Amino acid sequence: MLGTLTTQEIDEVLSRNITGRIGCSNAEKMYIVPISFAFNGNYLLAHSREGLKINMMRQHPEVCFQVDEIDDHANWRSVVLWGSYEEITDPRERYYAMKFLVSRLIHQNVSETAGIPEMSGELQQETPAPVIRPVVYRIRIKEKTGRFERR
C-alpha cells in the first residue's frame, strides 16, 4: 500500500532522524550531500564547515531536504521539504542552536564531519585549544510532504 504521510507523521520522521540530504544549487549545478541535523518542530538546525555547500546556500538560499526511513524495499517512509537557508550569527541564538544540535547528536555514532568535539568545545566558557567554528544554520521550512509504502 502506497500512501501520503500526515503532517504529524512527517514531523515524527524528522524528529527520529539525524541524517538527511540537502540539495542546493547555483546557476551552474545542483549539489546534494548528506548532513547531520536536528528538527525542533519548526525548522531544521545544522552546521557545516565553510565550503561549496555553504557558499552555494549563501548565494541561493532556497534549498530542498530529504530524509528516508527504510525498513526494507516494501516498507519505508520518505520526507521531502523545501525551505530557506538562514545562517545563525547572533552569539546567543548560535549558542542555543549548538546546544540543541549537541543534545540530539552527542549520543549517536556520527561521522567525523558531524563535528561533535568541536561543537561540545564551543559550548564551554573557555576552550583550551583553538577550535574551527562551524557555520551554524537553520532551514526555515516552507513546504513539506511525505510518502510511505507498507506491506
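Every chain is numbered independently, its residues counted from 1 as its sequence is written. In keeping with the predicted nature of the model, local features appear solely for residues at pLDDT of at least 70, side-chain atom pairs appear and are counted solely at 80 or more, and the whole-chain, interface and lining totals rest on all residues. Side-chain descriptors were evaluated using all non-hydrogen atoms of the structure, hydrogens and water having been removed beforehand.

Runs of H or I in DSSP of at least four residues are treated as helices and runs of E of at least two as strands, each being numbered from the N terminus. Secondary structure assignment for the chain yields four helices and seven strands. Each residue gets one of three labels from its accessible area relative to the maximum for its type: buried under 20%, exposed over 50%, partly exposed in between, using a 1.4 Å probe on protein chains only. Evaluated residue by residue, the chain yields a buried proportion of 42% over its 151 residues. On the chain, roughly 9000 Å² of surface is accessible, and the fraction owed to carbon and sulfur atoms is 50%. We get accessible surface area from the Shrake-Rupley algorithm with a probe of 1.4 Å; when it comes to residues, only the shown protein chains can shield them.

This brings us to the environment of Thr-89. Within the secondary structure, Thr-89 is located in the loop between β6 (75–87) and α3 (91–105). Separated by 48 residues in the primary sequence, Thr-89 and Tyr-137 have C-alpha atoms spaced 8.4 Å apart.

Once that is clear, we can look at the nonpolar core. One recurring pattern in soluble globular proteins: nonpolar side chains tend to sit buried together. Here the nonpolar core consists of buried residues drawn from Ala, Val, Leu, Ile, Met, Phe, Trp, Tyr and Cys, with membership extended through side-chain atoms lying within 4.5 Å. Counting residues in hydrophobic clusters, the biggest one holds 26 residues, and the most contacted among them are Leu-14, Ile-22, Phe-65 and Tyr-137. For this core, the secondary-structure elements that each account for two or more residues are α1 (7–16), β2 (19–25), β3 (30–39), β4 (43–48), α2 (52–59), β5 (62–72), β6 and β7 (135–149). Per element, the largest residue contribution to this core is five residues, and it comes from β7.

Looking now at the side chain of Glu-149. Relative to the elements of secondary structure, Glu-149 occurs in strand β7. Think of a polar contact as two N or O atoms within 3.5 Å of one another; within protein, one of them needs to be a possible hydrogen donor and the other a possible acceptor, and neighboring residues in sequence only count if both atoms come from side chains. Looking at Glu-149, its side chain comes within polar contact range of the side chain of Trp-76, at 3.0 Å. Here Glu-149 is in contact with Met-1, Leu-2, His-73, Ala-74, Asn-75 and Trp-76, once residues within four sequence places are set aside. The contact criterion used throughout is that any non-hydrogen atoms of two residues lie within 4.5 Å.

Another point: α1. If you check which residues of α1 are buried, you get Ile-10, Val-13 and Leu-14. For α1, the angular spread of buried residues about the axis comes to 95°, placing them on one side. Residues of α1 that are buried in the fold lie against β3, β4, β5, β6 and β7. This arc is built from the directions going out from the helix axis to the C-beta atoms.

What follows is about the environment of Asp-11. Among the structural elements, Asp-11 can be located in helix α1. Leave out the neighbours within four places in its chain, and Asp-11 touches Phe-39 and Lys-144. Within the structure, Asp-11 has its side chain in polar contact with the side chain of Lys-144 (distance 2.5 Å).

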